[in-house]
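Breakdown of the fold
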Amino acid sequence: MKDSPTKSPADLRSARWFAPDDLRSFGHRSRMMQLGYAEEDFQGKPIIGVLNTWSEINSCHGHFPERAKEVKRGVLQAGGFPIEMPVLSVDEQFTKPTSMLYRNMLAMETEEVIRSHPFDGVILMGGCDKTTPALIMGAISAGVPFIFLPAGPMLRGNYAGQTLGSGSDAWKYWDERRAGTIGEAEWRGVQGGIARSHGVCMTMGTASTMTAIADSLGLTLPGASSIPAVDSNHSRMASACGRRIVEMVWQDMTPDQIITPASVRNAAIVAMATGCSTNAVVHLIAMARRAGVDLGLDDLDALGRETPLLANVRPSGKDYLMEDFYYAGGLLAMMKQIADRLDTSCMTVAGTTVAENIKDAQVYNDDVIRPLDNPVYHEGSLAVLRGNLCPDGAVIKPAACDPKYHVHEGPALVFDSYPEMKAAVDDPDLEITPDTVLVLRNAGPKGGPGFPEWGMLPIPRALLKQGHRDMLRISDARMSGTSYGACVLHVAPESFVGGPLALLETGDTVRLDLPNRSLDMLVSEDEIAARRAAWTPPEPRYQRGWGKLFSQHVGQADTGCDFDYLTRDHGPAAGEPDIF
């Protein structure tokens, strides 16, 4: 496919802006000359938008200014004309109340920036959690050729000779500090050693999960998602993206040729084998549905039941981080391990099939990338639960929690807000046992607001001091992909809109049966009906602005949390803009 151009310069999308002999195109050419460019720089060449989510506060993307230069170098080498365009950064650490509140904003911006400008193709520069699905969702709807350029994982953390993993060790050492087993010096040492370079979390958190999904969908150059951010291979990959996108424009290789039911299924299988973040459920459903692929929770659960976990990368794995995964052969090597479960005929942005991409891949450390006969866990990363607490579904990460909670029954301790929960768990005199089920509600898409990552509820201080480090926790929130524990998440419908979690009371018995995929409150139907009759909806979180728009149009967790008016069901994408 690489050698089969189908477009001429007159067919380029950008030709509508620059080619006609009329007043409007005169203005476009004149303003390009105002920027210092000659007509020879851009006329008749593919114009490539380089959509950059860099900002000075987004540490995951701190290397993007240099990578953008490298992308543009590749575009120029291939005979294209690059234009860098800033888009919303959506950093994970600093954006409050949660970056998820702004995923759809970036998706909308991406779609409209592409549609309204003379871009023949685009490079999407992202990686920090929500940037990957947001950029891809918007670009799918815009419909022009694109390549996703993943930020890459940061280097391993290190403190006092101990390897540290993003997020996972933050939670671990914070529990130890709350338990009184480490002091301020150790805590500050971990703080200074856990994030040592640019790049996304180096555990298999949401960032590395979503870039692996983009890779296995065929939307990155093959294997690009595994390359550490500061590795020189990452720079060369960036320039290769620039060269390849120009070829894709001439070949008219659009997203609908890459994202198909088969490639989405591949991505879901690969995600399960990596030990993916629970956030993959929400984002992959949203991305697939933008492309017209009707992916649902039951599809993901079915694949999870039959796909073993092969990537021994924390938090679902035990010993390794993304840097080790790359050295062990990376994503392509892992995909080769499960090639018989994938549709290897799927096309990728490289102009090659999955089969061609994995043909020469090798595993160099089979403890990091396990063979099928020695998996980290016999099933995949995620399980979907249903029951009278979550009729539309909930998710849990079985491999990342203590197996004794796979079947569990205990009394609920219910909190209506995070501050209420935090005050209770920090109370050293809280009356609680390891069998208690902690419950947080009003933390979903509308209730949070924005579906925050509050679902890894802190273990109560009283239990930490007794040596306990896990317990069953339930919420309609998300949790960080770097988190772990017996945490049931994404309960749908959420309590804020009247889901059954809103009717649960402290002292009610809750039963989790993971093998049978059920989650229930052991309360009679008559009592549930009486509670529902007495329930009153809470006041909306927002009265104006983006928050109000978000609250009015966001979907529930099981649908991917896209806006109703952005889905395929709402109508076709807008056509090309008028130019008069």
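Predicted, not measured: the structure shown is a model, and the values here were computed from it.

**A word on the state of the cysteines**
Counting across every chain of the model gives 0 disulfides. Here cysteine 390 stays free of any disulfide, with the sulfur of cysteine 487 as its closest cysteine sulfur at 15 Å. Note on cysteine 390: relative accessible area 0%, which makes it buried. Between cysteine 487, a cysteine without a disulfide, and cysteine 401, which holds the nearest cysteine sulfur, the sulfur-to-sulfur distance is 8.2 Å.

**Comments concerning the nonpolar core**
Counting 116 residues, the largest nonpolar core has Ile123, Leu124, Ile136, Ile213, Phe325 and Met334 as the members making the most contacts within it. For this core, the leading source of residues is helix α11 (residues 261–274), giving 8 residues. Ignoring sequence-local partners within four residues, the contact set of leucine 124 consists of Leu51, Thr110, Leu135, Ile136, Ala139, Phe146, Ile147, Phe148 and Leu149.

**Quick notes on the side chain of asparagine 266**
Structurally, asparagine 266 is set in helix α11. Residues in contact with asparagine 266, not counting those within four places in the same chain, are Ser216, Leu342, Asp343, Cys346 and Val354.

**What about the pairing of strand β2 (residues 81–86)?**
Two strands pair when backbone bridges link them, and strand β1 (residues 47–52) and β2 are joined in this way by 6 bridges, in the parallel orientation. If you follow valine 50 over to β2, its bridge partner there is glutamate 84. Between the parallel pair β1 and β2, the chain is carried across by helix α4 (residues 64–77), and the sense of this crossover is right-handed.

**Some thoughts on helix α12 (residues 279–290)**
Between its first and last C-alpha, α12 extends 17 Å over 12 residues, near the 16 Å set by a 1.5 Å rise per residue. Among the 12 residues that make up α12, 11 are buried, leaving the element largely enclosed by the rest of the structure. What α12 keeps buried is the set Asn279, Ala280, Val281, Val282, His283, Leu284, Ile285, Ala286, Met287, Ala288 and Arg290. Structurally, α12 contributes buried residues whose contacts are with α5 (103–116), α6 (131–142), α9 (206–217), α11, α13 (297–306) and β8 (394–396). Looking at the residues trailing α12, positive phi occurs at glycine 292, about 85°.

**What about empty space enclosed by the protein?**
Scanning the entire structure with this criterion turns up 3 cavities of 30 Å³ or more. Considering the residues around the largest cavity, the lining is formed by Asp215, Ser216, Gly218, Thr220, Pro222, Leu332, Met335, Thr348, Val354, Asn357 and Ile358. If you list the elements that add at least two residues to the lining of the largest cavity, you get α9, α15 (330–337) and α16 (354–358). The element contributing the most residues to the lining of the largest cavity is α16, with 3 residues. Classifying every residue of the lining of the largest cavity by side-chain character gives 5 nonpolar, 5 polar and 1 charged.

What counts and how
Residues numbered from 1 in each chain as written. Predicted model: local features only at pLDDT ≥ 70, side-chain atom pairs only at ≥ 80, totals over all residues. Heavy atoms only, no water. Disulfide = S-S within 2.5 Å. Buried < 20%, exposed > 50% of the residue type's maximum accessible area, 1.4 Å probe, protein only. Core = buried A, V, L, I, M, F, W, Y, C linked by side-chain atoms within 4.5 Å. Helix = DSSP H or I, 4+ residues; strand = E, 2+ residues; numbered from the N terminus. Contact = heavy atoms within 4.5 Å. Pairing = 2+ DSSP bridges. Right-handed = clockwise from strand over helix to strand, strands pointing away. Expected span 1.5 Å × (residues − 1). 1 Å grid on protein atoms, 1.4 Å probe; cavity = no way out; pocket = protein on both sides within 12 Å on 5 of 7 lines; lining within 4 Å. Points joined across faces, edges and corners; volume = space filled by probe spheres on them. Nonpolar A, V, L, I, M, F, W, Y, C, P; charged D, E, K, R; others polar.

None of the figures reported here should be taken as evidence of function without further support.
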